[in-house]
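Examination of the molecular architecture
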Amino acid sequence: MNIYDIAEKAGVSVATVSRVINNSKNVSVQSKNKVIDVIKQEKYVPNIFARKLNASASRTIGILCPIISDINHVKPVSILERMFREAGYDILLCCTDSVSENKTKYLNFLHNRRVDAIILIGSTVEEVEHYEHFVPIAAEIPILIINGLVELENVYCILSDERTAIRQLIGTLYQEGCKNILYLNDTCSFSGYQKILGYKDGLQCHGLPDRPELILQIPEDDDELSLSYQMMLDFIDTGLAFDALIAADDILAVGAQKALQARNIKIPIIGFNNSRFAQCATPELTSIDTNMETICATATHVLLDVLRGRHPASSILISARLVERDSFRSHS
């Protein structure tokens, strides 16, 4: 008998069973009683309670990372590993290669290895509403998501406020006289979607037209630098006017900057994530810093609180900041 069997026999969803097991208030009395009756009849003991009867916890945290070669993924993994090691926990790392089937596979793998909790680096847009693969795991161990959003009992989300950061950046560029702002995007993740929303928010706030032709989609690839460079050259050749450029990632901005330099075009260029790529560019690249150190420190504190039986907030938003360098003013 497992959580799926309980749901089927009680005639409710798996999410409802999870809420009852976690003693959530977001479930009707009727549904709660149905689940409790089946649990009593089947003498079902959820593993989260069974584990507490065991001699000790594993003191291991599982981390799911999309692409370990991505500098924006490896940074939070590195920070989290250090912080949890200092707290006396080992780390078990799995890489999904951004394949949704791999995510479900490795969630189950980590759960079967009896880790005390699971951390995910990012989430997809679809998971905001379709999070069924989290339900049976979250019913037994806490899940924490860095820069993603899943609203489910026993799932905790620490996010960078990327939407506000982009919206405010549009305002800054508008004050500089920029009205045709090109946006380079490369991912369909929850984070990528928030940036796009911030871009559209900023245009609307300042009465600028939302022009789909000024959003350039760069395919996700191992060599996004070359792709960004070539696609930017092709875009310039279309003749569409633009007077500033924002990229969803520093590596895209660097590729675009090289293309603009090749055509002797000088405009403000802003990247995202404030990575080493921004400092290595010539001129040095202005970038939005997501404050990943703060995000990871907050995530560590939240998860340790949960493991100690406390009840922290399920979602925390961390502000991002603009780090201005030469690429912002090089047009003047």
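This text follows the structure it describes.
Residues numbered from 1 in each chain as written. Predicted model: local features only at pLDDT ≥ 70, side-chain atom pairs only at ≥ 80, totals over all residues. Heavy atoms only, no water.

Some points on the pattern of salt bridges
Our working definition: Salt bridge criterion: a side-chain nitrogen from Lys or Arg within 4 Å of a carboxyl oxygen from Asp or Glu. Secondary structure is summarised from DSSP: a helix means a run of H or I of at least four residues, a strand means a run of E of at least two, and numbering begins at the N terminus for each. Accessible area is worked out with a 1.4 Å probe on protein chains only. A residue is then buried under 20% of its type maximum, exposed over 50%, and partly exposed in between.
Scanning the entire structure with this criterion turns up 11 salt bridges. Residue Lys-9 pairs with Glu-42 through a salt bridge whose shortest N-O separation is 2.3 Å. Separated by 33 residues along the polypeptide, Lys-9 in helix α1 (residues 3-10) and Glu-42 in helix α3 (residues 29-42) bring together distant segments of the chain. Accessibility expressed as a relative area gives 49% for Lys-9, which makes it partly exposed. Classification of Glu-42 as partly exposed rests on a relative accessible area of 27%.

Here's the deal with the side chain of Ser-191
Applied cut-off: Pairing of N or O atoms within 3.5 Å defines a polar contact, subject to two protein rules: one partner must be a possible hydrogen donor and the other a possible acceptor, and residues neighboring in sequence count only if both atoms are side-chain atoms. The contact rule is simple, with two residues in contact once any of their heavy atoms fall within 4.5 Å.
On the secondary structure map, Ser-191 appears in helix α9 (residues 190-205). Within the structure, Ser-191 has its side chain in polar contact with the side chain of Glu-162 (distance 2.5 Å). Dropping the residues within four chain positions of it, Ser-191 is found in contact with Asn-147 and Glu-162.

Describing the sheet that holds strand β5 (residues 155-160)
Definition in use: DSSP bridges decide pairing: two strands pair if at least two such bridges lie between them. Axis definition: a line fitted to C-alpha atoms, limited for helices to the stretch in contact. Angles are taken between N-to-C directions and run from 0 to 180 degrees.
Here six strands make up an open sheet; going across it, the order is β2-β1-β3-β4-β5-β11 and the pairing parallel. The two strands at the open ends of the sheet, each matched to only one other strand, are β2 (90-95) and β11 (315-318). This sheet shows a mean twist of 15° between the axes of neighbouring strands, independent of strand direction. Summarising the sheet, strand β4 (residues 143-146) and β5 pair through four bridges and their orientation is parallel. Looking at the pairing, Ile-145 lines up with Cys-157 of β5.

Things to note about the sheet that holds strand β7 (residues 215-217)
Strand order in this open sheet of six strands is β7-β6-β8-β9-β10-β12, and the pairing throughout is mixed. Across the chains shown, the open sheet's two edge strands, defined by having one partner strand only, are β7 and β12 (321-323). Ignoring which end each strand starts from, the neighbouring axes of this sheet average 20° apart. With three bridges connecting them, strand β6 (residues 181-185) and β7 associate as parallel partners. Of the residues in β7, the one forming a bridge with Tyr-183 is Ile-215. Packed on one face of the sheet, helix α11 (residues 250-262) meets β6, β8 (244-247), β9 (269-272) and β10 (286-289) and runs near 155° to β9.

Take it as geometry only, folks, not as evidence of what the structure does.
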